[in-house]
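Fold and geometry: a report
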Amino acid sequence: MLSIPFAIKNLKYLLPKIEFSAKIPTLINVIQKICESDFVAACALPENSLTVTITSFSYKKGIPQDLTSNGGGFVFDCRALPNPGRFPEFKNATGKEQSVIEYLEKYNEIQRFKELTTQLVLQSVENYLERKFSHLMVNFGCTGGQHRSVYFAEKLTAYLKKEYPKINVALSHKNANI
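Residues numbered from 1 in each chain as written. Predicted model: local features only at pLDDT ≥ 70, side-chain atom pairs only at ≥ 80, totals over all residues. Heavy atoms only, no water.

Packing of helix α5 (residues 98-105) against helix α7 (residues 148-163) brings their axes to within 11 Å, and their N-to-C directions diverge by 90°. Judged by the inter-axis angle, α5 sits roughly perpendicular to α7. Two secondary-structure elements touch here, α5 through Ile101, Leu104 and Glu105 and α7 through Arg148, Tyr151 and Lys155. (Axes fitted to C-alpha atoms, helices over the stretch in contact; angles between N-to-C directions. Helix = DSSP H or I, 4+ residues; strand = E, 2+ residues; numbered from the N terminus. Parallel < 35°, antiparallel > 145°, perpendicular 65-115°, else oblique. Contact = heavy atoms within 4.5 Å.)

Quick look at the pattern of salt bridges now. Under the definition given, this model contains four salt bridges. For Lys114, the salt bridge identified is with Glu105, shortest N-O distance 3.9 Å. The buried category is assigned to Lys114, whose relative accessible area is 16%. The class of Glu105 is partly exposed, set by a relative accessible area of 41%. Between Glu163 and Lys162 there is a salt bridge, and its shortest N-O distance comes to 3.9 Å. The exposure class assigned to Glu163 is partly exposed, which follows from its relative accessible area of 39%. Counted as one network, the salt bridges with shared partners bring together Glu105, Lys114 and Lys155. (Salt bridge = Lys/Arg side-chain N within 4 Å of Asp/Glu carboxyl O. Buried < 20%, exposed > 50% of the residue type's maximum accessible area, 1.4 Å probe, protein only.)

A separate point is the sheet that holds strand β3 (residues 135-142). Taken together, four strands build an open sheet; the order of strands is β2-β3-β1-β4 and the sheet is parallel. The two strands at the open ends of the sheet, each matched to only one other strand, are β2 (74-77) and β4 (168-173). Strand-to-strand, the axes of this sheet are offset by a mean angle of 15°, without reference to chain direction. Most of the contacts of α7 go to strand β1 (residues 51-58), to which it runs at about 165°, and overall it touches β1, β3 and β4. (Pairing = 2+ DSSP bridges.)

Among the nonpolar cores identified, the biggest contains 31 residues, and Val52, Ile54, Val121, Val125, Val138, Phe140 and Leu160 are the most heavily contacted of them. Among the secondary structure elements, those contributing two or more residues to this core are β1, β2, α5, α6 (108-131), β3 and α7. (Core = buried A, V, L, I, M, F, W, Y, C linked by side-chain atoms within 4.5 Å.)

A few words on the packing of aromatic side chains. Counted according to the given criterion, the structure contains 10 aromatic pairs. Judged by centre distance (5.9 Å) and plane angle (20°), the rings of Phe140 and Phe152 are stacked. Of this pair, Phe140 sits in strand β3 while Phe152 sits in helix α7, placing them 12 residues apart in sequence. The class for Phe140 is buried, based on a relative accessible area of 1%. Since its relative accessible area comes to 2%, Phe152 is described here as buried. The rings of Phe74, Phe76, Phe113, Phe140, Tyr151 and Phe152 are connected pair by pair, giving a single aromatic cluster. A cation over a ring is seen here: Arg79 above Tyr59, with NZ or CZ 3.7 Å from the ring centre. (Phe/Tyr/Trp six-rings, centres within 6.5 Å; stacked < 30°, edge-to-face > 60°. Lys NZ or Arg CZ within 6 Å of the ring centre and 35° of its normal.)

Let us now look at α6. Relative to the 34 Å expected for 24 residues at 1.5 Å per residue, α6 spans 35 Å between its end C-alpha atoms, a close match to the ideal helical length. For α6, every residue scored as buried is listed here: Ile110, Phe113, Lys114, Thr117, Thr118, Val121, Leu122, Ser124, Val125 and Tyr128. Just beyond α6, the residue with positive phi is Lys132, at close to 60°. (Expected span 1.5 Å × (residues − 1).)

What follows is the structure, given as structure tokens:
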């Protein structure tokens, strides 16, 4: 899910698709300038809001770009962890499925990785809330973007929604067929 400011900034790509009976380029330009203004972008978001975008992805297809004005965030590499994708019974499954979750959670390094990454993200969430930042991006990558990265993205999303009900949490799985 894209942020309101991002959508507003890209309105210029949508405006040419609008069909008017009369050609009114001046009106279109005025609407575009209003929509791109910082004032409208600020009005579109709740006061003191923070959006945490969490994404699972495949390293084979590249690290997701931060399309906000923040230009950064976390990228956690899950490839050093046990890989259920190496076993035929998990080939078509994802990190959301109970069989994959059970496989992953039997390893101590999975729990440790989850604890460490969560603590790093929480430190930033607390700091971003205090400083009134509007966006934090968190990416989990693995080989195929289907098992480990999906598992961690799902777990972090659930945790943040429970512990920080006033922040916005947007979850995206780039490469998993979910």
